[in-house]
Amino acid sequence: MENFPVINLEKLNGEERGATMAKIKDACENWGFFELLNHGISHELMDAVERLTKEHYKKCMEQRFKQLMASKGLERVQAEVHDMDWESTFHLRHLPSSNIFEIPDLEDDYRKIMKEFAVKLEKLAEELLELLGENLGLEKGYIKKALCGSKGPTFATKVSNYPPCPKPDLIKGLRAHTDAGGIILLFQDDKVSGLQLLKDGHWIDVPPMRHSIVINLGDQLEVITNGRYKSVLHRVIAQTDGNRMSIASFYNPGSDAVIYPAPALVEKEGDDEKKNHVYPKFVFEDYMKLYAGLKFQAKEPRFEAMRATGGLSPIATA
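Residues numbered from 1 in each chain as written. Predicted model: local features only at pLDDT ≥ 70, side-chain atom pairs only at ≥ 80, totals over all residues. Heavy atoms only, no water.

Under an unreviewed UniProt entry, the protein has the name aminocyclopropanecarboxylate oxidase and belongs to Carya illinoinensis. Database annotation for the protein, UniProt heading Sequence similarities (unreviewed entry): "Belongs to the iron/ascorbate-dependent oxidoreductase family." UniProt's Pathway (unreviewed entry) comment on the protein is quoted here verbatim: "Alkene biosynthesis; ethylene biosynthesis via S-adenosyl-L-methionine; ethylene from S-adenosyl-L-methionine: step 2/2." (UniProt positions renumbered as here; feature names shortened; annotations may be inferred.)

**What to know about the sheet that holds strand β3 (residues 88-95)**
An order of β1-β2-β9-β6-β11-β4-β3 is seen for the seven strands of this open sheet, with the pairing classed as mixed. Two strands bound the open sheet, and with one partner strand each, they are β1 (6-8) and β3. In this sheet, adjacent strand axes meet at a mean angle of 25° when their direction is disregarded. Lying over the sheet, helix α1 (residues 17-30) contacts β1, β2 (33-37) and β9 (213-217), oriented at roughly 150° with respect to β1. (Pairing = 2+ DSSP bridges. Helix = DSSP H or I, 4+ residues; strand = E, 2+ residues; numbered from the N terminus. Axes fitted to C-alpha atoms, helices over the stretch in contact; angles between N-to-C directions. Contact = heavy atoms within 4.5 Å.)

**Observations regarding the state of the cysteines**
Per the counting criterion, the structure on display carries zero disulfides. Of the cysteine sulfurs around C148, a residue in no disulfide, the closest is that of C28, at 19 Å. (Disulfide = S-S within 2.5 Å.)

**Here's the deal with the packing of aromatic side chains**
By the definition in use, this model includes nine aromatic pairs. Judged by centre distance (5.3 Å) and plane angle (90°), the ring pair of F65 and W86 falls under edge-to-face. Here W86 lies in the loop between α2 (43-71) and β3 and F65 lies in helix α2, a separation of 21 residues in the sequence. When sorted by exposure, F65 lands in the same class as W86, which is buried. Measuring from ring centre to ring centre gives 5.3 Å for Y279 and F303, while their planes differ by 85°; the resulting arrangement is edge-to-face. (Phe/Tyr/Trp six-rings, centres within 6.5 Å; stacked < 30°, edge-to-face > 60°. Buried < 20%, exposed > 50% of the residue type's maximum accessible area, 1.4 Å probe, protein only.)

**Digging into the UniProt feature "domain: Fe2OG dioxygenase" (unreviewed entry) in the protein**
In this structure's numbering, the residues bearing the UniProt feature "domain: Fe2OG dioxygenase" (unreviewed entry) are residues 152-253. Along residues 152-253, the helical share is 6% and the strand share 44%, with 8 Å between the first and last C-alpha atoms.

**Comments concerning the side chain of T53**
When you line up the elements, T53 lands in helix α2. Accessibility expressed as a relative area gives 1% for T53, which makes it buried. Among all residues touching T53, those that are not within four sequence positions of it are Y110, M114, V159, N161, M245 and I247.

**Here's the deal with the pairing of strand β6 (residues 183-188)**
For β6, the tally of buried residues reaches six of six residues, placing the bulk of the element in the interior. Covered by surrounding structure in β6 are I183, L185 and F187 together with I184, L186 and Q188, the residues of both alternating faces. Pairing of β6 with β9, which is carried by four bridges, proceeds in the antiparallel orientation. Residue pairing across strands places I183 opposite L217, the latter belonging to β9. Here β6 runs beside strand β11 (residues 244-252); their pairing, made up of six bridges, is antiparallel. Paired with L185 across the two strands is S249, which belongs to β11.

**Considering the pairing of β9**
Within β9, five of the five residues are buried, which leaves the element mostly enclosed by the surrounding structure. The alternating pattern of β9 places I213, I215 and L217 and V214 and N216 on opposite faces, both of which are buried. Where β2 meets β9, four bridges bridge the pair, whose relative direction is antiparallel. The residue of β9 that forms the bridge with F34 is I215.

**Brief notes about the environment of I259**
By the secondary structure assignment, I259 is in strand β12 (residues 258-259). I259 sits in the buried class, given a relative accessible area of 0%. Separated by 20 residues in the primary sequence, I259 and Y279 place their C-alpha atoms 9.6 Å from one another. In contact with I259, other than residues within four places in its own chain, are A146, Q220, V223, I224, P253, P280, K281, F282 and F284.

**Remarks on the packing of α2 against helix α3 (residues 108-136)**
At a minimum axis distance of 10 Å, the contact between α2 and α3 shows a crossing angle of 135°. By the angle between their directions, the pair α2 and α3 is classed as oblique. Crossing geometry of α2 relative to α3 is assigned as left-handed. For the pair α2 and α3, contact is made by L45, M46, A48, V49, L52, T53 and H56 and by D109, Y110, I113, M114, E116, F117 and K120, respectively. Here the residues of the contact of α2 with α3 are counted per class, giving nine nonpolar, two polar and three charged. (Parallel < 35°, antiparallel > 145°, perpendicular 65-115°, else oblique. Left-handed = near helix turned anticlockwise from the far one by under 90°. Nonpolar A, V, L, I, M, F, W, Y, C, P; charged D, E, K, R; others polar.)

**What about the side chain of D85?**
Positionally, D85 belongs in the loop between α2 and β3. The exposure class assigned to D85 is buried, which follows from its relative accessible area of 12%. At 2.9 Å, the side chain of D85 and the side chain of R175 are in polar contact. Excluding residues within four positions of it along the chain, D85 makes contact with K172, G173, L174, R175 and F296. (Polar contact = N/O pair within 3.5 Å; in protein donor to acceptor, adjacent residues only side chain to side chain.)

**Here's the deal with the sheet that holds strand β7 (residues 195-199)**
Read from one edge of the open sheet, four strands run β5-β10-β7-β8, paired in antiparallel fashion. Single-partner strands in this sheet number two, and they are β5 (174-177) and β8 (202-205). This sheet shows a mean twist of 25° between the axes of neighbouring strands, independent of strand direction. Judged from the three bridges that link them, β7 and strand β10 (residues 234-236) form a sheet pairing that is antiparallel. Among the inter-strand pairings, Q196 is bridged to a residue of β10, identified as R235.

Have a look at this one:
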């Protein structure tokens, strides 16, 4: 199996730009994932985010998680669990409006550092979307514009901890799924592994690397790129030792954004034009309503369901 793609973003600024862009293109087409080094977010900021996230879990969430798992009897299961995950999470919303000051139990310095981190990640996400569009020959700013609803994109962070699990063969940290949205930026634990992606029928470990940001592509980018880039199944394997930190930030379409393949990427060959429209046209909010109940199932039936319902809501087609 070839090596998991690791991209040094600094190389975009020199003679290796062409080779680096080719590496990003290959990762998007054949992996749906890649790992970034020298991405422009300071190590000091990342270290502070990690320290405060782990402190917050210990202080506010660890005991709560243990009580929840005990109440559900998960530590004593004898058969594989298909309807729950071994994870402790909370969510932060950044765009179109922030809820960071509404989340209970967060220390002020933690709120401040997560807000600063989100600003840096938002900038990085938009830089990456531009690179992805450039590789596809799309006009400047196309993908960002495609994700913007009337209030711009949505941007949010899922802060997760995956504590030691007594039955990792029976309970997943997080069951296999593709992500529904646009582009996902993950700051993961560099000591405790667990994230895997499915490639060519095999589960491949996403290597923990200090101060890296892992990137993966969501369902909406698959649609916008007309399947040139793919969202990929991934999962988290629970571990018997160590607590794995995962901070995943989702740069997604606005709720009323209309999603469809970029016309420039739809081959127009006379009678074959309709055949080349592989993906439906739909409103992102409608897709998310469907995804909420089908997250842990294959993405293809979700696309077909959007096509079968006409994709667009009456408001959007008016």
